[in-house]
Amino acid sequence: MTKRDPVGFLKAEYEELVRNNLDWKHRRLESASDPVCIVDGKEVIMMCSNNYLNLSTHPHVVKRGLEAMEKFGAGSGSVRAIAGNMALHEELERKLAEFKEQEAVMITQTGFAANAGVIPQLASSSEDVIISDELNHGSIIDGVRLTKAQRGRDFIYPHSDMGGLEKCLQNAEKVNARRILVITDGVFSMDGDMAKLDEIQKLAEQYGAIIYVDDAHGDGVLGRNKSGKGIVDHYALQGKVHVEMNTFSKAMGTIGGAITGSQDLVNFCRNKTRTYLLSGSHPPAVAGASIGAIEVLMNKDGKFEPRVKMLLDNCDYFKKRIIEIGFTHEITAAAAKTPTGITPIICGENDKAKAMSNLLYEDGIFALPIVFPMVPKGTARIRVMMTAKLTKEHLDTALASFERNGKKLGIL
């Protein structure tokens, strides 16, 4: 019998990643996630955080978290279905539903847990079909893989191609699908563009399909009148988009996910979603801080800064200037036309993007590279994430560094 090393693949596969320069090398954040922070001992301007509104250190958010922890302790002690359903959790759900102008909310431990848990329940049969945008987030892809539904080439449409979507819907009709579930990101995390949710809604309604939108990067950013209510509000589609997946880990500055929509949806999900039913509920400090973040966004008494406006003003300034500098790749140009917090600055090959990131860090700018296989070959990029409290001076410093190093590397 041949002696086997049952875990030898662990080292071998990691070393293969290292040889191909595809391993993640973590830098260490040594301060709060503020516009200027300490990374690996160096003071830098933070330009790769999802903390879009800088709410993670907002005094009201921190105060609400501390108050909750002092009253309810460090942990809930259970899953919500048994003994871990706290008044805080129900208050958070009510607040988010009110903010979103929706009937009901079910909070989950993370956005990933929402996608991985809910998608398999909505399309639980081999008679069901799931239709996806080709650039959907990995958590959506993993949620789809956990289903028994039909998916694959006939049901994946080219990015934001509405003709392609309609063809997929027609394919679903041909197989006489029991349920059709159309899933899209609201804001695509790598390219920074928005789904054509208004057109998706019309097509889905025509074919009797369920619409599921993952609005992780739209929450707190998009919305009519700079409300931050997300992409559903941006298109005024409350009540017409069946499932909205939200997160607290980005613009809200905390952590957690949520499923938002009708009371029927929440009743269904609360009783069928295993990632919800079998995971401990939110720690009180997190739930309390998340309530505080929503209160800042709702800003009913007008006492808080208009952080969504501040964010969007920064986005507009930075995106216009980065194009003027000469970063005009079609992906960068498309993102520059959208009111999202993401600007992908295309550098080309992996080595160029990694070199750019290192040079930016030397200049005191913390912005990380996104490389193949996370993005297509030839589109390695620096993904800039804008935040509300960055000053024009910060932005000008970053822009000057991008221009100088873009020329040095032959990108410009």
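Summary of the structure given here.

To continue, consider the packing of helix α2 (residues 59–72) against helix α11 (residues 284–298). Their axes nearest at 7 Å, the elements α2 and α11 cross at an angle of 145 degrees. When you trace α2 past α11, the crossing you get is right-handed. Within the contact between the two elements, α2 uses His60, Val61, Arg64, Gly65, Ala68, Met69 and Phe72 and α11 uses Pro284, Ala285, Gly288, Ala289, Ile291, Gly292, Ala293, Glu295 and Val296. A breakdown of the residues in the contact of α2 with α11 according to their chemical character gives 10 nonpolar, four polar and two charged.

Time to look at the pattern of salt bridges. Two side chains with opposite charge may pair up if their charged atoms get near one another. Taken as a whole, this structure holds 26 salt bridges when the rule is applied. A salt bridge links glutamate 30 to arginine 28, with the shortest nitrogen-to-oxygen separation between them at 2.8 Å. For glutamate 30, a relative accessible area of 38% puts it in the partly exposed group. Residues arginine 404 and aspartate 363 are paired through a salt bridge, measuring 2.9 Å at the closest nitrogen-oxygen approach. Within this pair, whereas arginine 404 is found in helix α15 (residues 392–408), its partner aspartate 363 is found in the loop between α14 (350–362) and β11 (365–366), the two being separated by 41 residues in sequence. A cluster of three or more residues bridged by salt bridges with shared partners is formed by Arg64, Glu91, Lys95 and Glu295.

Attention now moves to the sheet that holds strand β13 (residues 380–385). Taken together, the three strands give an open sheet; going across it, the order is β10-β13-β12, and neighbouring strands pair in antiparallel fashion. Of all strands in the sheet, those with a lone pairing partner are β10 (342–348) and β12 (369–370), marking the two edges. Against the sheet, α14 engages β10, β12 and β13, with an angle of about 40 degrees to β13.

Take serine 132: it is sitting in strand β4 (residues 129–133). A relative accessible area of 11% places serine 132 in the buried class.

Our focus in this paragraph is the nonpolar core. Membership of the largest hydrophobic core comes to 87 residues, with the highest contact counts inside it found for Met47, Ile131, Phe318 and Phe402. Counting 21 residues, the second-largest nonpolar core is a separate cluster that includes Met106, Ala114, Val144 and Leu265.

Helix length check: helix α4 (residues 111–122) (12 residues) gives 16 Å between terminal C-alpha atoms against 16 Å at 1.5 Å per residue, within 8%. Extensive coverage of α4 is indicated by the burial of 11 of its 12 residues. Listed as buried for α4 are Gly111, Ala113, Ala114, Asn115, Ala116, Gly117, Val118, Ile119, Pro120, Gln121 and Leu122.

The peptide bond linking phenylalanine 372 to proline 373 adopts the cis configuration, its omega dihedral lying at 15 degrees. Tracing the backbone through its elements, the reader meets proline 373 in the loop between β12 and β13. Unlike most non-glycine residues, asparagine 225 shows phi in positive territory, near 55 degrees. As for its position among the elements, asparagine 225 is in the loop between β7 (210–214) and α8 (231–234).

Going through the model one piece at a time under the given rule, you end up with two aromatic pairs. Here the aromatic rings of phenylalanine 318 and phenylalanine 402 are separated by 6.3 Å at their centres, their planes lie at 70 degrees, and the arrangement is edge-to-face. One end of the pair, phenylalanine 318, is in helix α12 (residues 307–325); the other, phenylalanine 402, is in helix α15, with 84 residues separating them in the sequence. Comparing phenylalanine 318 with phenylalanine 402, the two get one shared label, buried. Where phenylalanine 327 meets phenylalanine 402, the ring centres are 6.2 Å apart and the plane angle is 80 degrees; that geometry is what we call edge-to-face. Residue phenylalanine 327 is found in the loop between α12 and α13 (330–336), and its partner phenylalanine 402 is found in helix α15; the two are separated by 75 residues along the sequence. Each member of the pair, phenylalanine 327 as well as phenylalanine 402, carries the same accessibility label: buried. Following the ring pairs from residue to residue traces out a cluster consisting of Phe318, Phe327 and Phe402. The ring of tyrosine 361 carries the charged tip of arginine 27 above its face, separated from the ring centre by 3.8 Å.

A separate point is the sheet that holds β11. With mixed pairing, three strands are arranged side by side in an open sheet as β1-β2-β11. Where the open sheet ends on each side, the last strands, each with one partner, are β1 (36–39) and β11. Taken together, the four bridges between β1 and strand β2 (residues 42–46) define a ladder with antiparallel strand orientation. Pairing of cysteine 37 across the sheet is with valine 44, part of β2.

The next point concerns the pairing of strand β6 (residues 180–185). With six of six residues buried, β6 is to be regarded as a mostly interior element. Along β6, one buried face is formed by Ile180, Val182 and Thr184 and the opposite face, lined by Leu181, Ile183 and Asp185, is buried too. Across four bridges, the pairing between β4 and β6 is parallel. Across the sheet, isoleucine 130 pairs through a bridge with leucine 181, a residue of β6. Bridge analysis of β6 against β7 gives five bridges, and the strand direction is parallel. Note that in β7 the partner of aspartate 185 across the bridge is aspartate 214. The β-α-β motif built from β6, the intervening helix α7 (residues 197–207) and the parallel element β7 has right-handed crossover chirality.

Reading the values: the criteria
- Residues numbered from 1 in each chain as written.
- Predicted model: local features only at pLDDT ≥ 70, side-chain atom pairs only at ≥ 80, totals over all residues.
- Heavy atoms only, no water.
- Axes fitted to C-alpha atoms, helices over the stretch in contact; angles between N-to-C directions.
- Helix = DSSP H or I, 4+ residues; strand = E, 2+ residues; numbered from the N terminus.
- Left-handed = near helix turned anticlockwise from the far one by under 90°.
- Contact = heavy atoms within 4.5 Å.
- Nonpolar A, V, L, I, M, F, W, Y, C, P; charged D, E, K, R; others polar.
- Salt bridge = Lys/Arg side-chain N within 4 Å of Asp/Glu carboxyl O.
- Buried < 20%, exposed > 50% of the residue type's maximum accessible area, 1.4 Å probe, protein only.
- Pairing = 2+ DSSP bridges.
- Core = buried A, V, L, I, M, F, W, Y, C linked by side-chain atoms within 4.5 Å.
- Expected span 1.5 Å × (residues − 1).
- Phe/Tyr/Trp six-rings, centres within 6.5 Å; stacked < 30°, edge-to-face > 60°.
- Lys NZ or Arg CZ within 6 Å of the ring centre and 35° of its normal.
- Right-handed = clockwise from strand over helix to strand, strands pointing away.

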